[in-house]
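Working through the structure, step by step
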Amino acid sequence: MSEQPPQEVDLAQELRELGEQLKKAIRVAREHPQTKEFERQISQAVSDLGAQIDHAVNTAKEDERLKKAGEQVKQAAQSVKESHAPDDIARGLAKGVRALNEQIRRAIEDAEKATRENK
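Computed from a prediction, not measured in an experiment: that's the story for all the values here. (Residues numbered from 1 in each chain as written. Predicted model: local features only at pLDDT ≥ 70, side-chain atom pairs only at ≥ 80, totals over all residues. Heavy atoms only, no water.)

For the rest of this paragraph, the subject is the overall build of the chain. When its secondary structure is counted, the chain shows four helices and zero strands. What you see in the chain, going N to C, is helices and strands ordered as α-α-α-α. Across the 119 residues that make up the chain, the buried fraction comes to 13%. The contacts of the chain with a sequence gap of at least 6 include a subset with a gap of at least 24, amounting to 85%. Approximately 9900 Å² of the chain is accessible, and the part contributed by carbon and sulfur atoms is 55%. (Helix = DSSP H or I, 4+ residues; strand = E, 2+ residues; numbered from the N terminus. Buried < 20%, exposed > 50% of the residue type's maximum accessible area, 1.4 Å probe, protein only. Contact = heavy atoms within 4.5 Å. Areas by Shrake-Rupley, 256 points an atom, 1.4 Å probe, with all protein chains shown as cover.)

Set out below in structure tokens:
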């Protein structure tokens, strides 16, 4: 039983692939029979997210503990920056984006199939 070397993961390539997958997903969504409902749900979700972000920002401005935590995060980030962790993090992110790309690809294929069957 021989060990295979770990597959090298390129974050930039995976992000480009994610962009392509998102373009395809948007195209498929436009053609899908349930597009209007999908658009309504996305609009509502974005609106809700905006309201939640506004609330969180206002709360954060008022909370002194968050300021202290922010300083601690900055210090931790500086420590991470000085270590080799950013490379490890980039590889981990690339792997995660690769998995996301695969899921999006499968969802696009399923949606395209459903669109063809409904025509």
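Moving on: helix α1 (residues 11-31). A turn of α-helix holds 3.6 residues, and therefore any two residues three or four places apart point the same way. If you check α1, its first and last C-alpha atoms are 30 Å apart, about what 21 residues at 1.5 Å a residue would give, namely 30 Å. In this structure Asp 10 caps α1, since a side-chain oxygen of it lies 3.2 Å from the backbone nitrogen of Ala 12. (Expected span 1.5 Å × (residues − 1). Polar contact = N/O pair within 3.5 Å; in protein donor to acceptor, adjacent residues only side chain to side chain.)

For Gln 21, the position within the fold is in helix α1. Note on Gln 21: relative accessible area 1%, which makes it buried. When near neighbours in sequence (up to four residues on either side) are disregarded, Gln 21 contacts Asn 101, Ile 104, Arg 105 and Ile 108.

So, on to the pattern of salt bridges. All chains considered together, the criterion is met by six salt bridges. In this structure, Lys 74 and Glu 71 form a salt bridge, with 3.6 Å as the shortest nitrogen-oxygen distance. Of this pair, Lys 74 and Glu 71 both sit in helix α3 (residues 64-82), three residues apart, which is roughly one turn of that helix. The exposure class of Lys 74 is exposed, given its relative accessible area of 55%. A relative accessible area of 43% means that Glu 71 is categorised as partly exposed. Residues participating in the shared-partner salt-bridge network are Glu 17, Glu 102 and Arg 105. (Salt bridge = Lys/Arg side-chain N within 4 Å of Asp/Glu carboxyl O.)

Moving on, we come to the nonpolar core. Judged by nonpolar contacts, Leu 18, Val 28, Val 97, Ile 104, Ile 108 and Ala 111 together constitute the single largest core of six residues. Broken down by secondary-structure element, the contributors of at least two residues to this core are α1 and α4 (85-118). Sort the elements by how many residues they give to this core and α4 lands first, with four residues. Setting aside chain neighbours within four positions, we find Ile 108 in contact with Gln 21, Lys 24, Ala 25 and Val 28. (Core = buried A, V, L, I, M, F, W, Y, C linked by side-chain atoms within 4.5 Å.)

Right, let's talk about a nonpolar patch on the surface for a bit. A surface patch of nonpolar side chains, amounting to about 250 Å² of accessible area, comprises Leu 49, Ile 53 and Val 57. Among the structural elements, Leu 49 can be located in helix α2 (residues 35-62). On the basis of relative accessible area, Leu 49 is assigned to the partly exposed category, the value being 46%. (Patch = residues over 30% accessible without salt bridge, like charges linked within 9 Å, V, L, I, M, F, W, Y side chains within 5 Å.)

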